[in-house]
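Okay, here's what each chain looks like letter by letter:
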Amino acid sequence: MEKLFVYALLYSEGFDVWSLYADVLDKLFLENIENETYLSLEGMTPKEAVLHTLSVMDRSEFDTECFGKILMRSLLRIYESIDIALFAKKMYSLWNKLPRDIGQKEPFLTLCYADDCLSYHDEEQCRKLYEKAMCYYD
């Protein structure tokens, strides 16, 4: 489920990861065909499925270390391909969608404040903070 949560978050921020989300969902469903959540998600539109997945994430217990590894690896690939200001804006928004108990811990908390450096034109410090967070599990 952790991977599905990551792709739902990324999709909700406008990143083109629907095919990854759908592949993970299909695999989860085929591994557990009796699971009502997976069955329900399979029949939804992308927007409905992502919103429902984020809702499930908010009220679920899951492996935050596994989730963090997947999220940070995914963010690193995105980080390397887009403008830092856009990345920063999306990371703050993504952080707001995390369950509160997770969002208050590192490396996730960095997603909340790393963009502050850009307001005083310190891109280098901003990048260092993001890179440290994305390498947290290495």
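Our structure's up above, just so we're on the same page.
Reading the values: the criteria
- Residues numbered from 1 in each chain as written.
- Predicted model: local features only at pLDDT ≥ 70, side-chain atom pairs only at ≥ 80, totals over all residues.
- Heavy atoms only, no water.
- Salt bridge = Lys/Arg side-chain N within 4 Å of Asp/Glu carboxyl O.
- Helix = DSSP H or I, 4+ residues; strand = E, 2+ residues; numbered from the N terminus.
- Buried < 20%, exposed > 50% of the residue type's maximum accessible area, 1.4 Å probe, protein only.
- Disulfide = S-S within 2.5 Å.
- 1 Å grid on protein atoms, 1.4 Å probe; cavity = no way out; pocket = protein on both sides within 12 Å on 5 of 7 lines; lining within 4 Å.
- Points joined across faces, edges and corners; volume = space filled by probe spheres on them.
- Nonpolar A, V, L, I, M, F, W, Y, C, P; charged D, E, K, R; others polar.
- Core = buried A, V, L, I, M, F, W, Y, C linked by side-chain atoms within 4.5 Å.
- Contact = heavy atoms within 4.5 Å.
- Axes fitted to C-alpha atoms, helices over the stretch in contact; angles between N-to-C directions.
- Left-handed = near helix turned anticlockwise from the far one by under 90°.
- Phe/Tyr/Trp six-rings, centres within 6.5 Å; stacked < 30°, edge-to-face > 60°.
- Lys NZ or Arg CZ within 6 Å of the ring centre and 35° of its normal.

A short note on the pattern of salt bridges
Okay, step 1: Tallied over the full model, the rule gives 4 salt bridges.
Okay, step 2: For Glu 65, the salt bridge goes to Lys 69, with nearest N and O atoms at 3.6 Å. Highlighted residues: Glu 65 and Lys 69, both in helix 5 (residues 64–79), separated by 4 residues, approximately one helical turn.
Okay, step 3: Overall, the relative accessible area of 45% leaves Glu 65 in the partly exposed class.
Okay, step 4: Of the charged contacts, one joins Glu 124 and Lys 128 as a salt bridge, the two residues approaching to 3.4 Å between their closest N and O atoms. With a gap of 4 residues between them, Glu 124 and Lys 128 both fall in helix 10 (residues 123–134), about one helical turn apart.
Okay, step 5: For Glu 124, a relative accessible area of 53% puts it in the exposed group.
Okay, step 6: The class of Lys 128 is partly exposed, set by a relative accessible area of 47%.

Description of the state of the cysteines
Okay, step 1: Summed over the entire model, instances satisfying the criterion amount to 0 disulfides.
Okay, step 2: The closest cysteine sulfur to the non-disulfide-bonded Cys 66 is located on Cys 135, 18 Å from its own sulfur.
Okay, step 3: On the basis of relative accessibility, which here comes to 30%, the residue Cys 66 falls in the partly exposed class.
Okay, step 4: Its sulfur unpaired, Cys 135 is 15 Å from the next cysteine sulfur, which belongs to Cys 126.

Examining the layout of surface pockets
Okay, step 1: Counted as a void, the largest pocket has a volume near 170 Å³.
Okay, step 2: If you tally residues by element for the lining of the largest pocket, the top one is helix 2 (residues 18–31), at 6 residues.
Okay, step 3: Its residues assigned to classes, the lining of the largest pocket shows 6 nonpolar, no polar and 5 charged.

A short note on the nonpolar core
Okay, step 1: Ranked by internal contacts, the top residues of the largest apolar core, which has 46 residues, are Leu 10, Phe 67, Leu 71, Leu 75, Phe 87 and Tyr 130.
Okay, step 2: Mapped onto this core, the elements with two or more residues apiece are helix 1 (2–12), helix 2, helix 3 (36–42), helix 4 (46–58), helix 5, helix 6 (84–97), helix 8 (110–113) and helix 10.
Okay, step 3: Apart from the residues lying within four places of it in its own chain, the contact partners of Leu 71 are Val 6, Leu 10, Leu 94 and Phe 108.

Details of the packing of helix 1 against helix 5
Okay, step 1: The interhelical angle for the contact between helix 1 and helix 5, taken along N-to-C directions, is 35 degrees, at an axis separation of 9 Å. You can see that helix 1 and helix 5 cross each other, and the crossing is right-handed. In this structure, helix 1 uses Glu 2, Lys 3, Phe 5, Val 6, Tyr 7, Leu 9 and Leu 10 to contact helix 5, whose residues at the interface are Cys 66, Phe 67, Ile 70, Leu 71, Ser 74, Leu 75 and Ile 78.
Okay, step 2: Residues that form the contact of helix 1 with helix 5 fall into these classes: 11 nonpolar, 1 polar and 2 charged.

Some details on the packing of aromatic side chains
To describe a pair of aromatic rings, one takes the distance between the centres and the angle between the planes.
Okay, step 1: Here the structure, examined in full by the defined rule, presents 9 aromatic pairs.
Okay, step 2: Their ring planes at 85 degrees and their centres at 5.0 Å tell us that Phe 87 and Tyr 130 sit as a pair that is edge-to-face. Remark: Tyr 130 occurs in helix 10 and Phe 87 occurs in helix 6; sequence separation between them is 43 residues.
Okay, step 3: The structure contains a cluster of three or more aromatic residues connected by ring pairs, namely Phe 5, Phe 62, Phe 67 and Phe 108.
Okay, step 4: Note that Lys 90 overlies the ring of Phe 15, its terminal NZ or CZ placed 5.2 Å from the centroid.

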